[in-house]
Amino acid sequence: MRLYVYVLEGRDLCVEDCYVKIQVGKFKSKTRVLRGSRSPVWNEEFAFRVHDMGDELIISVLHHDNDSGFFNSGNELVGRVRVPVSAVLAKENHSLPPTWFSLEGPRSGKFISKEYGKILLTISLHGSAQDTTIDHPLYAHSSVKTRDLKEQEGPVESLDVVSSTTSTWKVPEGKQLMKAIASGLEKLLGKNEEPSKMDDSSETSSIPSEYEDCIEEQPPLSCSFQETIEMMQSRNGEQEMPENLQGGILLDQTYIVSSKDLNMLLFAPNSQFRQGLAELQGTTNMKEGPWTWKSGDLSCLTRVVSYTQAATKLVKAVDATEEQTYIKADGTEFAVFVSVSTPDVPYGNSFKVELLYKIMPGPELSSGEVSSRLIVSWGMSFSQNTIMKGMIEGGAHQGLKESFDQFANLLAQKFKKLDPIDSSDKDQMLATLETEQQSDWELAIKYFWNFTVVSTFFMVIYILAHILLSVHGEPQGLEFSGLDLPDSICELITCGILVIQLERVYAMILHFVQARFQSGSDHGVKAQGDGWVLTVALIEGINVASLDSTGLSDPYVVFTCNGRTRTSSVKLQTHDPQWNEILEFDAMEEPPALLDVEVFDFDGPFDEAASLGHAEINFLKHTSTELADMWVSLEGKLALSSQSKLHLRIFLDNNNGVETIKEYLAKMEKEVGKKLTLQSPHRNSTFQKLFGLPPEEFLISDFTCYLKRKMPLQGRLFLSARIVGFYANLFGHKTKFFFLWEDIDDIQVHPPSLSSVGSPLLVIILRKGRGLDASHGAKSQDEEGRLRFYFQSFVSFNVASRTIIGLWRTRTLTPEQKAQIAEEQQDEDASSLVLEDPGSVFNVENANMAKVYSAELPIDIKSLMEMFDGGNLEHRIVEKSGYLNYMATDWETVKPDLYERRLCFRFSRHVSVFGGEVTCTQQKSPIGNDNGWILKEVMTLQDIPFGDHFRIHFRYQMDSSGVTPGKCRCDVYMGILWLKSTVFQQRITRNITQKFTSRLKEIIELVEKEALLNCPQDTQIVPP
């Protein structure tokens, strides 16, 4: 049984700064300290589990001494009250009404007096099936706070309890009791201006009528629920539909039913749907309070629903309270805001879960039937900061997702669902996004309409008018003709203010021009090919972190999926950027599993840009509805401290239907050496429901095997395009888990052993920090923190291992490796590369060439020129330098003593965060008397910001004249030819110069090292 103690207030205490300590058996708790009052009002509620009816409730009032010793060990006892639990049980309805108890003073201590004061308490004893809400008037009018208690779990003892009394407490009788209670209630009710909300419990109040005349209750609504909704419509008039909560969408479905009937089903009193849902979810002790009017700036309907949530594997059964409030109800559209508090869970007093139900009319149907759309979104409200915020949000989201899956399934049994047309929804959302863009004039007016610009404008007009009206005077002081100096301190200050104002306005104009001329390198580029097309709409960001002292940054976002990247535009000097950009990835052969999102601070195309936050979106953990409109919280120290978020809309479409899957399976057959057939729709659907996967996931193959843990567990191992999953059902105990192919770090095959009963072992090792949801299936965790899964006893181990390893290798290949394989298969001739015609690109008069490297090398000209001949040395150098997919044509004679070739490669992420494709044209010509070579190179950068604005020119001059035999001199000049102007010209020039200067030095040092190690025996090498 549970004992509920309500500590209301104290009166005439002998000292100030007191708090109350409550003890029942071994359980203890205490109130907050109220300072500066001898008649404190606590209004706090406590709940204790009672295992022995012989226990006593001990109420101790203590004085809080700020000068006491460590852990407040010096707090002094003021008075104490003892109430046997059996005495409460003997009362009618097991409840004591609000009662003043006289404190019994201590026998020793510094608080020895004749009067110790009184304390007002209410005590109730309820069985395990009772709810924590007590339906007496005092509870309805008090601001009660539930404290967190650590309770010991155990069986409840059944005892025959007889009525007993004790001399340690006395209850005043008759008129004296009534006057005492009335005076206490008058204080409480005088402070509570809002009407109380009474709990519509199945039990009636057992408080005697002599107390009821002290309570001012609001009369219950005499009209029906439907009439009350109509009354709210007439009172509130037109009310806008609220926006979805930032946590995301839990349910978005259209049903063939009117919005009015759907609202009645979900929120009418004693709803059969709610009762059925409670039975399905194991919810008990459900009590619905009546709908009452809540007065305020906007009258609205509200009620309180309390219940006990069913226990799970991780959390015991907890009490929850929902406060449901109608925000909008106009007869066709309804919005209900629900605030759920669960104080019994860890950190339960620091947060509340928020839900928003929106019921709107659905699309018109050709059959004439009426439809309505139900959207349920969620969020969390934290009353205080905690480092466990991310974990709390993740756990709440998982629990809500499971709960509303059951909610949706039950609702689908009541009403027929209307399948949405995903393509039209996508087009509508993206079209809406396009229309949200503002014109340059609107942005200019919004940006420049401020005090600084307006005041500067009028100041300039005023000074120009003054100049026109002034008469030219004679020079004074040190002035002479053509030089007019300020004649006073005031004039000097005025000039200074004007200069500062003009400088600020100029900076604002420059900043605006910079922002408007930026365009995303991938914004608006349409996807190419057939297959899985990923579309990401980047809408906005909030609270983006900054590394500058100004608190503003230049953010841009890089999206990475299946090894391909898309980059947004750069937004200048903002912490709440507005992008409204649509980025499309080219069609992919397999459905993507992860989308990596990272926000950078722009500082040049080759800098290791500082990360402002990152996030990872797992497509398997989100429904298409959630992906269509979601707020993504960024991770990282800067992002967490700023609580940075991005607003995204993500769509994944298969534009080639089942043909895409067939082509993918045909390709996988070559890797695994086994015939792969397309599974039936029923089998795919069963597989998706088994693991809770989205509808685009398709099964490739499955095998019977044993999962080796402490005891082998027989089940089936499922392989799909994106996951490896295991499922077992042993006498009703189900074990299932899955992890992504991208989570796998290594796959090992162990030979048969005695522990594996003569069967080979297939060991799958995950990357560190990956697959944590599947950790219950892992046999061990190695010293690096990687989970290890052991599978054995396959029907055909060779087939299973070859299939798993082949799928894993294919899935984890980088685009560069896939391109290299495709190149080998197609046997393309590198000479067929078609690059832009260089024409007069070697005209470098406008490139402003400057020497960036000069050195005397201990190798001859022939060895140095090997880095340009397309041989093994050149390929080793570029591979070590971070150049990918390197291809070069042969040298061709353009005219006598002038040779030309073309190059194509990609930068690795270590060279440039953007990757980027590079095309080059090189020309070489000998120096007179064959003493050396001059090599000119023009480099074009693609897929990086502003790459089309410039070309990079190099001039290598390699000469052996004037140096020791066997040595040569190498001078490198570099310049940038700007084709288009940009405000970032100086920054980019500085960045490229610094980057390539260091890269050239590293490359030539590598050439020198390789040449010295691999030089022929007859080549003379002179040491430096």
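Since we're looking at a predicted model, the values are computed, not measured. (Residues numbered from 1 in each chain as written. Predicted model: local features only at pLDDT ≥ 70, side-chain atom pairs only at ≥ 80, totals over all residues. Heavy atoms only, no water.)

Q: With reference to specific residues and values, describe the overall build of the protein.
A: Helix and strand counts for the protein stand at 21 helices and 41 strands. In the protein, which comprises 1024 residues, the proportion classed as buried is 46%. Sequence separation of 24 or more characterises 64% of the internal contacts of the protein that already satisfy a separation of 6 or more. When the accessible surface of the protein is split by element, carbon and sulfur atoms take 51% of a total near 53800 Å². (Helix = DSSP H or I, 4+ residues; strand = E, 2+ residues; numbered from the N terminus. Buried < 20%, exposed > 50% of the residue type's maximum accessible area, 1.4 Å probe, protein only. Contact = heavy atoms within 4.5 Å. Areas by Shrake-Rupley, 256 points an atom, 1.4 Å probe, with all protein chains shown as cover.)

Q: I'd like a rundown of unusual backbone geometry, residues and numbers included.
A: A positive phi angle is found at Asn285, which is not glycine, with a value near 55°. Its relative accessible area of 23% is what places Asn285 among the partly exposed residues. The phi angle at Asp897 is positive, at roughly 60°, despite the residue not being glycine. Tracing the backbone shows Asp897 in the loop between strand 36 (892–895) and strand 37 (898–907).

Q: So what about the environment of Glu333? Which residues, and what values?
A: Topologically, Glu333 is positioned in the loop between strand 13 (318–329) and strand 14 (334–341). Note on Glu333: relative accessible area 24%, which makes it partly exposed. In the structure, Glu333 is positioned 27 residues away from Met360 in sequence and 4.7 Å away in space, judged by C-alpha atoms. Not counting residues up to four positions away in its chain, the partners in contact with Glu333 are Met241, Lys328, Ile359, Met360 and Pro361.

Q: Report on the side chain of Glu354, specifying residues and quantitative values.
A: Position of Glu354 among the secondary structure elements: in strand 15 (residues 351–361). Once residues lying within four places of it in the same chain are set aside, the contact partners of Glu354 are Leu245, Phe337, Val338, Ser377, Trp378, Gly379 and Ser381.

Q: How would you explain the nonpolar core if you had to name every residue and give the values?
A: Counting residues in hydrophobic clusters, the biggest one holds 53 residues, and the most contacted among them are Leu857, Leu864, Met939, Phe950, Ile952 and Met958. Ranked by the residues each element gives to this core, the list is headed by helix 21 (residues 985–1013), at eight residues. The contacts of Met939, once residues within four sequence positions are left out, are Phe905, Val918, Thr919, Cys920, Arg951, Ile952, Phe954 and Phe996. Membership of the second largest hydrophobic core comes to 48 residues, among which are Phe273, Leu277, Trp293 and Leu411. (Core = buried A, V, L, I, M, F, W, Y, C linked by side-chain atoms within 4.5 Å.)

Q: Quick rundown of the sheet that holds strand 3 (residues 27–30)? Include the residues and the values.
A: The four strands lie next to each other as 3-2-5-6, forming an open sheet whose pairing is antiparallel. The outermost strands of the open sheet, each flanked by one partner alone, are strand 3 and strand 6 (76–84). Each neighbouring strand pair of the sheet contributes to a mean axis angle of 20°, computed without reference to strand direction. In this sheet, strand 5 (residues 56–63) lies alongside strand 2 (residues 18–24) in antiparallel orientation, the contact comprising seven bridges. Residue pairing for strand 5: Lys21 is matched across the bridge by Ser60. (Pairing = 2+ DSSP bridges. Axes fitted to C-alpha atoms, helices over the stretch in contact; angles between N-to-C directions.)

Q: Please set out the packing of aromatic side chains residue by residue, giving values where relevant.
A: Evaluation of the coordinates by the stated rule reveals 31 aromatic pairs. On the basis of an interplanar angle of 75° and a centroid distance of 5.6 Å, the ring pair of Phe457 and Phe458 is categorised as edge-to-face. The pair Phe457 / Phe458 is uniform in exposure class, with both members exposed. Here the aromatic rings of Phe726 and Phe791 are separated by 6.1 Å at their centres, their planes lie at 50°, and the arrangement is tilted. Taken together, the positions of Phe726 in strand 28 (residues 723–730) and Phe791 in strand 33 (residues 787–792) put the pair 65 residues apart, joining distant regions of the chain. Comparing Phe726 with Phe791 shows no difference in burial state: the two are buried. In this structure an aromatic cluster arises from ring pairing among Phe267, Phe273, Trp291, Tyr326, Tyr357, Phe404 and Phe407. Between the NZ or CZ atom of Lys924 and the centre of the ring of Tyr899, over which it lies, the distance is 5.9 Å. (Phe/Tyr/Trp six-rings, centres within 6.5 Å; stacked < 30°, edge-to-face > 60°. Lys NZ or Arg CZ within 6 Å of the ring centre and 35° of its normal.)

Q: Hey, could you go over the sheet that holds strand 24 (residues 630–633) for me, with residue numbers and the actual values?
A: The strand order across the open sheet formed by four strands is 21-18-25-24, and the pairing between neighbours is antiparallel. Taken across any chain shown, the strands that pair with only one partner, and hence form the sheet edges, are strand 21 (578–584) and strand 24. Strand-to-strand twist across the sheet, computed as the mean angle between neighbouring axes with direction ignored, equals 25°. Strand direction decides the pairing type here: strand 18 (residues 532–542) and strand 21, joined by five bridges, are antiparallel. Pairing of Glu540 across the sheet is with Gln578, part of strand 21.

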